[in-house]
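# Analysis of the macromolecular model
Listed here are the chains, written in short residue letters.
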Amino acid sequence: VRRVRFGAALASGIVLAIGSLTLLGLLVGPDLGVFSTLADVLALRQLSALFLRLAVVTAAVAVLVGFINLLLVHASRVARRQAGSPYSAVLLVTFIGAIVVRIGAPQVYTLLLEDVQVPIETALAILVLVTLVLGAYRLLLRRFSWSRALFLAAVLVVLVGALPFAALAPVRAFSDLLVAIPATAGTRGILLGIALATLVAGVRILIGQDRSYRE
Amino acid sequence: MSSIEQTLAILCLLVVLVLIGVVPGIVQRYRRRLTLRTPAALDALRGYAAESIEEGRPLHAGFAQTTPYDAGTVRTLAHAELTYQTLSQVSAGAEKPVLTTSDVVTLAVAQDSVRRAMMDRHRPELIDSRAVIWLPAGPAGLAYAAGLTAVSPVMRLHTSLIGGQMGAEMSLVADAAQQHRTAVVAASDDLAGQAAAFASADHLLLGEEAYLAQCFAADRPSLFALIVVQDLLRYGLIAVILIAVFLRILG
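Residues numbered from 1 in each chain as written. Chains lettered and ligands numbered in written order. Predicted model: local features only at pLDDT ≥ 70, side-chain atom pairs only at ≥ 80, totals over all residues. Heavy atoms only, no water.

Per the secondary structure count, chain B includes nine helices and six strands. Computed over the C-alpha atoms, the radius of gyration of chain B is 20 Å, within 12% of the 18 Å expected from 2.2 N^0.38 for a compact globule of 251 residues. Based on the C-alpha atoms only, the size of chain B along its principal axes is roughly 60 × 45 × 30 Å. Taking all 251 residues of chain B together, 55% fall into the buried category. Of all intrachain contacts in chain B linking residues separated by at least 6 positions in sequence, the fraction that spans at least 24 positions is 73%. Mean positive and mean negative side-chain charge positions of chain B (19 and 22 charges, respectively) differ by 8 Å. (Helix = DSSP H or I, 4+ residues; strand = E, 2+ residues; numbered from the N terminus. Rg over C-alpha atoms; globule rule 2.2 N^0.38 Å. Buried < 20%, exposed > 50% of the residue type's maximum accessible area, 1.4 Å probe, protein only. Contact = heavy atoms within 4.5 Å. Lys, Arg positive; Asp, Glu negative; His and termini not counted. Charge placed at Lys NZ, Arg CZ, Asp CG, Glu CD.)

Buried accessible area, meaning the area lost when the parts come together, often serves as the stated size of an interface. In this assembly, 57 residues from chain A lie in contact with 63 residues from chain B. When the two sides are added together, the surface that chain A and chain B hide from each other amounts to roughly 5,300 Å², 69% of it contributed by carbon and sulfur. Where chain A touches chain B, the interface holds zero salt bridges. Where chain A packs against chain B, one counts two residue pairs in polar contact (both at pLDDT 80 or more). Sorting the residues of the side of chain A that touches chain B by element identifies α1 (6-27), α3 (44-79), α5 (106-142), α6 (146-161) and α7 (169-206) of chain A as the ones contributing at least two each. With 16 residues, the single largest contributor to the side of chain A that touches chain B is α7 of chain A. (Buried area = accessible area lost by both parts, 1.4 Å probe. Salt bridge = Lys/Arg side-chain N within 4 Å of Asp/Glu carboxyl O. Polar contact = N/O pair within 3.5 Å; in protein donor to acceptor, adjacent residues only side chain to side chain.)

The next thing to look at is α5 of chain A. In this model α5 of chain A runs 51 Å from its N-terminal to its C-terminal C-alpha over 37 residues, within 8% of the 54 Å that 1.5 Å per residue would give. The complete set of buried residues in α5 of chain A reads Glu121, Leu124, Val128, Thr131, Leu132, Gly135, Ala136, Leu139 and Leu140 of chain A. Residues of α5 of chain A that are buried make contact with α6 of chain A together with α5 (142-154), α6 (170-179) and α7 (191-200) of chain B. (Expected span 1.5 Å × (residues − 1).)

All right, on to a nonpolar patch on the surface then. Residues and elements named next belong to chain A. A surface patch of nonpolar side chains, amounting to about 620 Å² of accessible area, comprises Leu129, Val130, Leu134, Tyr137, Leu141, Leu156 and Leu159. For the nonpolar patch, the elements supplying multiple residues, two or more each, are α5 and α6. Here the nonpolar patch takes five residues from α5, the largest share from any one element. One can find Val130 in helix α5. Of the residues examined, Val130 reaches a relative accessible area of 41% and is grouped as partly exposed. (Patch = residues over 30% accessible without salt bridge, like charges linked within 9 Å, V, L, I, M, F, W, Y side chains within 5 Å. Areas by Shrake-Rupley, 256 points an atom, 1.4 Å probe, with all protein chains shown as cover.)

Right, let's get into the layout of surface pockets. Within this model, the second largest pocket holds a volume of roughly 1,600 Å³. Lining the second largest pocket are 39 residues, with Ala55 and Ile205 of chain A together with Pro68, Thr73 and Leu77 of chain B positioned closest to its centre. Elements represented by at least two residues in the lining of the second largest pocket include exactly α1, α3 and α7 of chain A together with α3 (73-90) and α4 (104-120) of chain B. Its residues assigned to classes, the lining of the second largest pocket shows 28 nonpolar, eight polar and three charged. (1 Å grid on protein atoms, 1.4 Å probe; cavity = no way out; pocket = protein on both sides within 12 Å on 5 of 7 lines; lining within 4 Å. Points joined across faces, edges and corners; volume = space filled by probe spheres on them. Nonpolar A, V, L, I, M, F, W, Y, C, P; charged D, E, K, R; others polar.)

Remark on secondary structure: sheet strands pair via backbone hydrogen bonds, oriented parallel or antiparallel. Residues and elements named next belong to chain B. Spatially, β3-β2-β1-β4-β5-β6 is the arrangement adopted by the six strands of the open sheet, whose pairing is parallel. Both edges of this open sheet fall to β3 (132-134) and β6 (203-204), since each of them pairs with a single strand only. With six bridges connecting them, strand β4 (residues 159-165) and strand β5 (residues 183-188) associate as parallel partners. Each bridged residue has a counterpart across the sheet, and for Thr159 the counterpart in β5 is Ala183. Relative to β5, α6 is tilted by about 165°, and along the sheet it contacts β4 and β5. (Pairing = 2+ DSSP bridges. Axes fitted to C-alpha atoms, helices over the stretch in contact; angles between N-to-C directions.)

This part is about the confidence of the model for chain B. Across chain B, the average pLDDT comes to 86, with 98% of residues at or above 70. Prediction confidence for the complex, expressed as pTM and ipTM, is 0.83 and 0.82 respectively. (pLDDT = per-residue confidence, 0-100.)

Here the focus is the confidence of the model for chain A. Of all residues in chain A, 95% have pLDDT values of 70 or greater, and the mean over the chain is 83. Looking at the elements of chain A, mean pLDDT is at its lowest for α5 of chain A, recorded as 79, and at its highest for α7 of chain A, recorded as 88.

Opposite charge on two side chains makes pairing possible when the charged atoms of those side chains draw close. Within the structure shown, the criterion is met by 11 salt bridges over all chains. Here Arg123 of chain B and Glu125 of chain B are joined by a salt bridge, their closest N and O atoms 2.6 Å apart.

Residues and elements named next belong to chain B. Packing of α5 against α6 brings their axes to within 9 Å, and their N-to-C directions diverge by 10°. Of the possible angle classes, the one that applies to α5 and α6 is roughly parallel. Side by side, α5 and α6 meet where Leu142, Ala145, Leu148, Thr149 and Ser152 of the first sit next to Leu172, Val173, Ala176 and Ala177 of the second. Along the lines of polarity and charge, the residues of the contact of α5 with α6 split into seven nonpolar, two polar and no charged. (Parallel < 35°, antiparallel > 145°, perpendicular 65-115°, else oblique.)

Residues other than glycine seldom take positive phi values, yet Arg81 of chain A does so here, at roughly 50°. Take Arg81 of chain A: it is sitting in the loop between α3 and α4 (85-104). At His122 of chain B, a position not held by glycine, the phi torsion is positive, near 55°. On the basis of relative accessible area, His122 of chain B is assigned to the exposed category, the value being 66%.

A few words on the environment of Val151 of chain B. Residues and elements named next belong to chain B. Tracing the sequence through the fold places Val151 in helix α5. It is 27 Å that separates the C-alpha atoms of Val151 and Gly207, two residues lying 56 residues apart in sequence. Setting aside anything within four residues of it in sequence, one finds Val151 in contact with Val98, Leu135, Arg156 and Leu157.

Our next topic: the nonpolar core. Counting 42 residues, the largest nonpolar core has Val23, Leu82, Leu205, Tyr211, Val229 and Leu233 of chain B as the members making the most contacts within it. For this core, the secondary structure elements donating two or more residues are α7 of chain A together with α1 (3-29), α2 (40-55), α3, β5, α8 (213-217) and α9 (221-250) of chain B. Ranked by residue count, the leading element in this core is α9 of chain B, at eight residues. Contact partners of Leu233 of chain B, with chain neighbours within four places excluded, come to Leu196 and Val200 of chain A together with Val15, Val16 and Leu19 of chain B. Among the nonpolar cores identified, the runner-up in size contains 33 residues, and Ile133, Val151, Val184 and Leu204 of chain B belong to it. (Core = buried A, V, L, I, M, F, W, Y, C linked by side-chain atoms within 4.5 Å.)

Here it is as structure tokens:
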């Protein structure tokens, strides 16, 4: 006989009640006849809005707690001179510096963001393209499979098709065809699969079958 | 939402609820006749967990830019469950697992996955909140990937399980990991991330597999039934699409 812990049952009950009420409040609109009247009588929409506001406030508090925790962990690492403490010191100095600059000189803050961080990320984005092709090639050499070879060929066709040369017009047309039909079909298939899985997993969480808040 | 969309959404939820209520009983009755294909990535992950213990190198679970609020709640909980099951497998070893995330709220979810896995296996000494590392995401999520490329050699990672929301920058992480003999199992639900992982990661949980991965690993009929429910829904969807096409052809 399986024993049910009171705490676990309580957590499941709270999730089930709040989840169901929020979902019904969001789903039942004003044009669903008797269901809408029932939702009005039970004030489901107001309850749903209240729970959503509570969730937003909780998330905001969690972000604040997370940042404070992060700073405390790095401050203690610096104070105890643990391994990697110089990196923690850099993080703390940068954090304080960012706040000071944001308040004192917002134009410098924007300059740092737009002229330092964005170019670095753009450079990394270009690297992504190179590593994608190189990685696919390396993996193909290490473990050959027809699907990987097809993937690499498709990537190369799309890249060559993007080159601005008139002589490559047939390749461009083939690349457009690849993107318009097989790639779109595959994308929709994967997205439908993800949507179904989200629905099943969401209902499972809603009815209290998820273990994360029961243990 | 229009009233038709609302009615359809409620009907879909009711169908799923009924299936989740009915199918476990049927599955329990005909369990021996039902065989499921376990995703190759999950089999590989079990092997990597065992190798990680033998080689004394830690396992890494990355949550990338997954957030437990907005539209990412289900994704975060699904990846947390997969992480919990994977960490349970390495709890017999001596190395503390390494977790990374770029969201401060997900830090708590990640820490809870470690805590649950280690407490369940009576290994509280392997719980270390400092082993859950926050890496900034940056405007395009590339800062997280750049940070992760440094984590792999410093921590001597054996395996990196990367899930949640990660785009094409997955290829950067996978490339750096392979240079340091770190196996990469990708479970991203981002389309660009899946494409990049298909080309560069060692194993990939494709599409919905990342959401229901924990159901394949668990031996509970209720979880096993969820895979059957999803398959039934998939067949239903195919039937609806075929009927719509047929009606369109007929005019």
